[in-house]
Amino acid sequence: MDAYDEDSRGPQGPDGSAGTRLPEEPAQLPPPADAPRPRTGVAALSPGYQIGAALALAVVAVAACVHLLMVFLSLAPANTVTKQHGKAIEEWVYPEFEQNWKLFAPNPLQQNIAVQVRAEVRMRDGGLRTTGWTDLSAQDGAAIDGNLAPSHTQQNELRRAWDFLTATHAADNRPVGLRGSLSEQYMRRIVVMRLYRDDPTRRDGVIQRVQVRARTTNVQPPPWSRERVSDKPAYRLLPWWSVTADEAAGGVR
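Remember, it's a predicted structure, so these values are computed and weren't measured experimentally. (Residues numbered from 1 in each chain as written. Predicted model: local features only at pLDDT ≥ 70, side-chain atom pairs only at ≥ 80, totals over all residues. Heavy atoms only, no water.)

Participant: Would you take a moment to explain the overall build of the chain for this structure?
Facilitator: A tally of helices and strands in the chain yields seven helices and six strands. The secondary structure elements of the chain, listed N-terminal to C-terminal, are α-α-β-β-β-α-α-α-α-β-β-β-α. Out of the 253 residues in the chain, the part that is buried amounts to 25%. Approximately 18,300 Å² of the chain is accessible, and the part contributed by carbon and sulfur atoms is 56%. (Helix = DSSP H or I, 4+ residues; strand = E, 2+ residues; numbered from the N terminus. Buried < 20%, exposed > 50% of the residue type's maximum accessible area, 1.4 Å probe, protein only. Areas by Shrake-Rupley, 256 points an atom, 1.4 Å probe, with all protein chains shown as cover.)

Participant: Just checking my understanding: could you explain the pairing of strand β4 (residues 205–218) for this structure?
Facilitator: Two faces, one strand: in a regular strand the side chains alternate between the faces of the sheet. Summarising the sheet, strand β1 (residues 111–123) and β4 pair through 13 bridges and their orientation is antiparallel. Pairing of valine 117 across the sheet is with valine 212, part of β4. Of the pairings in the sheet, the one linking β4 to strand β6 (residues 241–242) comprises two bridges and is antiparallel in character. Bridged to arginine 209 within β6 is serine 242. Two elements, β4 and strand β5 (residues 234–237), share four bridges in a ladder whose sense is antiparallel. Directly across from arginine 215, in β5, lies its bridge partner tyrosine 235. (Pairing = 2+ DSSP bridges.)

Participant: Would you mind showing me how to read helix α5 (residues 177–198) here?
Facilitator: At 3.6 residues per turn, the α-helix brings residues three or four places apart onto the same side. In this model, α5 (22 residues) spans 32 Å end to end at C-alpha, consistent with the 32 Å of a helix rising 1.5 Å per residue. Where α5 is concerned, the buried positions are Gly180, Ser183, Glu184, Met187, Arg188, Ile190, Val191, Val192, Arg194, Leu195 and Tyr196. (Expected span 1.5 Å × (residues − 1).)

Participant: Help me understand the environment of aspartate 198, please; the structure alone is not making it clear to me.
Facilitator: Following the sequence through the fold, aspartate 198 ends up in helix α5. Through-space distance from the C-alpha of aspartate 198 to that of leucine 136 is 9.9 Å; in sequence the pair is 62 residues apart.

Participant: Would you take a moment to explain the nonpolar core for this structure?
Facilitator: Nonpolar side chains in soluble globular proteins tend to end up buried together. Of all hydrophobic cores here, the largest spans 24 residues; its most connected members are Trp162, Met187, Val191, Ile207, Val210 and Val212. At the level of secondary structure, the elements contributing two or more residues to this core comprise β1, α4 (152–167), α5 and β4. Each residue touching valine 210, except ones within four places of it in the same chain, is listed here: Val117, Arg118, Ala119, Arg188, Val191, Val192, Leu195, Pro239, Trp240, Trp241 and Val243. Of all hydrophobic cores here, the second largest spans six residues; its members include Ile89, Val93, Tyr94 and Phe164. (Core = buried A, V, L, I, M, F, W, Y, C linked by side-chain atoms within 4.5 Å. Contact = heavy atoms within 4.5 Å.)

Participant: How should I be thinking about the packing of aromatic side chains in this particular structure?
Facilitator: When we look at a pair of aromatic rings, we describe it by the centre distance and by the angle of the planes. According to the stated counting rule, one finds one aromatic pair in the structure shown. Centroid distance tyrosine 94 to phenylalanine 164: 6.2 Å. Interplanar angle 15°. Geometry classified as stacked. Of this pair, tyrosine 94 sits in the loop between α2 (80–93) and β1 while phenylalanine 164 sits in helix α4, and the two are 70 residues apart along the sequence. Note on accessibility: tyrosine 94 and phenylalanine 164 belong to one class, buried. Here the basic side chain of arginine 179 rests over the ring of tyrosine 94, its NZ or CZ set 3.9 Å away from the ring centre. It is arginine 213 that lies over the ring of tryptophan 133; its NZ or CZ is 4.2 Å from the centre. (Phe/Tyr/Trp six-rings, centres within 6.5 Å; stacked < 30°, edge-to-face > 60°. Lys NZ or Arg CZ within 6 Å of the ring centre and 35° of its normal.)

Spelled out as structure tokens, the structure:
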């Protein structure tokens, strides 16, 4: 038989000639069943980093447990623990982590309350000047109006601070107990911080004292209602509060 009569159906070589077979690739063998799997997550870290991660997780877990326990004790009925450690529980929870049940028993507000502040400023020439009233609630309202995602601070910080203060003060504006003094300090720091941030006072001098007042106006009933309420605002004026050195230097900004 002629040498050129090879099977034309055989594999072609790189140059197109028939009968030249390419070397076959070796088959891929599966890994042995007892081969160790690659480490992932924390296990892939070096021993030193593993220890650091474990300590960080332990600290977070302990802090979360302590916080949940404190909040639970602040809401629980009076018991031996709350009577013995009540002061520590209040200092932990109030005012940042205060809890209430208004979500389950809502009581819609029927009044508009605007918190306003004025300051006594020591000017650079040594003189004292009393500023006009600044409506902090109006500033929050302007920031919220038209904002699709207003911040929690704009919506609740000032309002909750005023609620906290009025709940811990008598009718003559005197603080009641430890929480009363704490609410004064909380409100004072908020108003001083906002004055330094938004008022020209920060360029003219140093704040020495601040005074807060609330302007309360009844929400008018709908036109179809026969109810009639007064539309005249009522004011609650608090006494002047001296500003501490740290606050006067802008330490709460």
